[in-house]
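One letter stands for each residue in the lines below.
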Amino acid sequence: QRMRERARVRTREEENSHSLGKLRQERITVPRGDGLLNRAVELLKEHAPRKATLEITFAGEEGHGSGVTAEFYSLVSEALRDPTLALWISEGQGGALFPAPAPQNLALLDSRLAYYRLVGTLLGKALLDGRLLTLPLSEDLFKLITGKALTSADLASIAPTRARHLATLAAAPETAPDYGLTFEYAPPDLRHGFTSHELVVGGSSKEVTKDNVEEYIEALADFMLRFGVERQVEAIRAGLEAVMPITALRVLTAAELRARVVGETGVEWTLQDLRDNVEARHGYTESSQPFVLLLSILAELPEPRRRDFLRFSTGVGGLPCGGLRQLDPKLTVVRKVCEDPDKHFPSANTCFHFLKLPEYSTRRRLEEQLLTALSEGMDGFFFN
């Protein structure tokens, strides 16, 4: 009951099932909370080979439809980013994710492969069903998925800090002894399940000197971009291949694939962007005071809150490539008719990207109720 009351601020009347071409639709109920990720592993492994679009409902909740399914993909994407899983290194631009290098015989890696396979299946389903994932996979990973090799130059976009250090070494090899390096790779932290890995036989006792700096840089890059991620990438490819042939993706570049699945790296908009791409309907016009005030508040939100707003109103905490103007359907603000509007919260229909906004008396009250809805109203989909 408590969850229902908290979630009531996020009330969404979700639409009935839709079909995609001649593909049948398969509706499955999943739990929220801690069990979601492992349930997703089982569910998508089972569902992947079927020629059907996936529709999700959450156990104990009334909502269904494309908005609810979009939230499922968002929640699973977020769960896969959990730092305690240690699946990724994310030093690249915008926190782009690349598989965490690891010794390929590491026992802990065996348990992680199911999650990497899930990533691949999510990619396939996102491409097939037209979904957006809030999982900022790096462009370099998409290169590996489609069978392209990486070079040491790609390290700059995956691990820029380490790449800069290696560049410094390469430029001044005589300084190598000052760093006390050996031919080993050290992971970012202990959650990765090992403290170091020898890059060559006897690497722990082989010091990096001015005479072997190039050998060290090559060995480190090979481990981080190839030998240390082979099983992880293969698991992703297997998950994707279960949904669609990877060969079908080779007509697209890695950048194009990433754009289709991940969308925009950041969530950026100006007040003018909002005016141009957010519609006022069903009780509001573009000159209605609540609509005008809402746009001014949205323009001032920091990026994390913008993501919260998008997830609240569309089910996905990100934007497709091209930004707000590419949202389909368009983000639309409609009047929420209620007695004493200041006591009510905004709600949403995520399937149609409708934000239902009460006619608040002041800008301050609108902002208070909106931010409370974004903080407290993400617990479920219920009708009122």
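Worth saying up front: this structure is predicted, and the values here are computed from it rather than measured.

## Topic: the pattern of salt bridges
The full count for this structure, using the stated rule, is 21 salt bridges. Of the charged contacts, one joins Arg 27 and Glu 55 as a salt bridge, the two residues approaching to 2.7 Å between their closest N and O atoms. Highlighted residues: Arg 27 in strand E1 (residues 24-30) and Glu 55 in strand E2 (residues 52-58), separated in sequence by 28 residues. Take Arg 27: its relative accessible area is 44%, and that puts it in the partly exposed class. Ionic pairing is found between Arg 50 and Glu 46, a salt bridge with its closest N-O pair at 3.6 Å. Note on Arg 50: relative accessible area 29%, which makes it partly exposed. Exposure remark for Glu 46: the relative accessible area of 53% places this residue in the exposed category.

## Some words on helix H15 (residues 363-376)
Counted at 1.5 Å a residue, the expected span for H15 with its 14 residues is 20 Å, and the 20 Å between its end C-alpha atoms agrees. Among all positions of H15, only Leu 366, Gln 369, Leu 370, Ala 373 and Leu 374 are buried. The buried residues of H15 occupy an angular sector of 135° when projected down its axis, which confines them to one face.

## Focus: the packing of aromatic side chains
Counted under the stated rule, the structure contains six aromatic pairs. The interplanar angle of 75° and the centroid separation of 5.5 Å between the aromatic rings of Phe 183 and Tyr 216 together place this pair among those described as edge-to-face. Pair noted here: Phe 183 is in the loop between helix H8 (176-179) and strand E5 (184-185) and Tyr 216 is in helix H9 (residues 213-227), with a separation of 33 residues, a long-range link. Across this residue pair, the class does not change: Phe 183 and Tyr 216 are buried. With 6.3 Å between their ring centres and 35° between their planes, Tyr 185 and Phe 194 make a pair best called tilted. The exposure classification of Tyr 185 matches that of Phe 194, with both residues buried.

## Considerations on the packing of helix H13 (residues 289-300) against H15
Between H13 and H15, whose axes approach to 10 Å, the crossing angle comes to 60°. The orientation of H13 relative to H15 falls into the category oblique. By crossing handedness, the relation of H13 to H15 is classed as right-handed. Taken together, the residues of H15 that come into contact with H13 (itself represented by Pro 290, Leu 293, Leu 294, Ser 296, Ile 297, Leu 298 and Glu 300) are Arg 363, Leu 366, Glu 367 and Leu 370. Grouping the constituent residues of the contact of H13 with H15 by class yields seven nonpolar, one polar and three charged.

## Description of the sheet that holds strand E10 (residues 354-357)
What the four strands build is an open sheet, ordered E7-E8-E10-E9; its pairing is mixed. Each of the sheet's edge strands pairs with one partner strand only, and the pair in question is strand E7 (278-281) and strand E9 (347-349). Strand-to-strand twist of the sheet, defined as the mean angle between neighbouring strand axes without regard to direction, takes the value 25°. In this structure, strand E8 (residues 331-335) lies alongside E10, joined through four bridges in parallel fashion. Bridge assignment links Val 333 to a residue of E10, and that residue is Leu 355. Most of the contacts of helix H14 (residues 303-314) go to E9, to which it runs at about 60°, and overall it touches E8, E9 and E10.

## So, unusual backbone geometry
Asp 328 connects to Pro 329 through a cis peptide bond whose omega is 0°. Mapped onto the elements, Pro 329 comes out in the loop between H14 and E8. Positive phi is not limited to glycine here, since His 282 has a value of about 50°. Here His 282 shows up in the loop between E7 and H13.

## A few points about the confidence of the model for the protein chain
Caution applies to low-pLDDT regions: their predicted coordinates should not be interpreted in detail. The predicted model of the protein chain averages 89 in pLDDT, with 91% of residues at 70 or higher. Between residues 1-22, whose pLDDT stays under 50, and residues either more than four places distant or in other chains, the model counts 76 contacts.

## Side note on the pairing of E8
Remark: a regular strand shows side chains that alternate across the two faces of the sheet. Here E8 lies mainly inside the structure; four of its five residues are buried. One ladder, built from four bridges, connects E7 with E8; its direction is parallel. Looking at E8, one finds that Ala 280 is bridged to Val 333.

## Remarks on H9
Its 15 residues place the ends of H9 19 Å apart at the C-alpha level, agreeing with the 21 Å of an ideal helix rising 1.5 Å per residue. All of the buried residues in H9 are Val 213, Tyr 216, Ile 217, Ala 219, Leu 220, Ala 221, Phe 223, Met 224 and Leu 225.

## Some details on empty space enclosed by the protein
Summed over the entire model, instances satisfying the criterion amount to one cavity of 30 Å³ or more. Quantified by volume, the largest cavity comes out at close to 40 Å³. What lines the largest cavity is simply Leu 123, Leu 127, Phe 142, Ile 145, Leu 240, Leu 249, Leu 257 and Val 261. Mapped onto the lining of the largest cavity, the elements with two or more residues apiece are helix H4 (107-129), helix H5 (139-145) and helix H11 (254-262).

Rules and cut-offs
- Residues numbered from 1 in each chain as written.
- Predicted model: local features only at pLDDT ≥ 70, side-chain atom pairs only at ≥ 80, totals over all residues.
- Heavy atoms only, no water.
- Salt bridge = Lys/Arg side-chain N within 4 Å of Asp/Glu carboxyl O.
- Helix = DSSP H or I, 4+ residues; strand = E, 2+ residues; numbered from the N terminus.
- Buried < 20%, exposed > 50% of the residue type's maximum accessible area, 1.4 Å probe, protein only.
- Expected span 1.5 Å × (residues − 1).
- Arc of directions from axis to C-beta.
- Phe/Tyr/Trp six-rings, centres within 6.5 Å; stacked < 30°, edge-to-face > 60°.
- Axes fitted to C-alpha atoms, helices over the stretch in contact; angles between N-to-C directions.
- Parallel < 35°, antiparallel > 145°, perpendicular 65-115°, else oblique.
- Left-handed = near helix turned anticlockwise from the far one by under 90°.
- Contact = heavy atoms within 4.5 Å.
- Nonpolar A, V, L, I, M, F, W, Y, C, P; charged D, E, K, R; others polar.
- Pairing = 2+ DSSP bridges.
- pLDDT = per-residue confidence, 0-100.
- 1 Å grid on protein atoms, 1.4 Å probe; cavity = no way out; pocket = protein on both sides within 12 Å on 5 of 7 lines; lining within 4 Å.
- Points joined across faces, edges and corners; volume = space filled by probe spheres on them.

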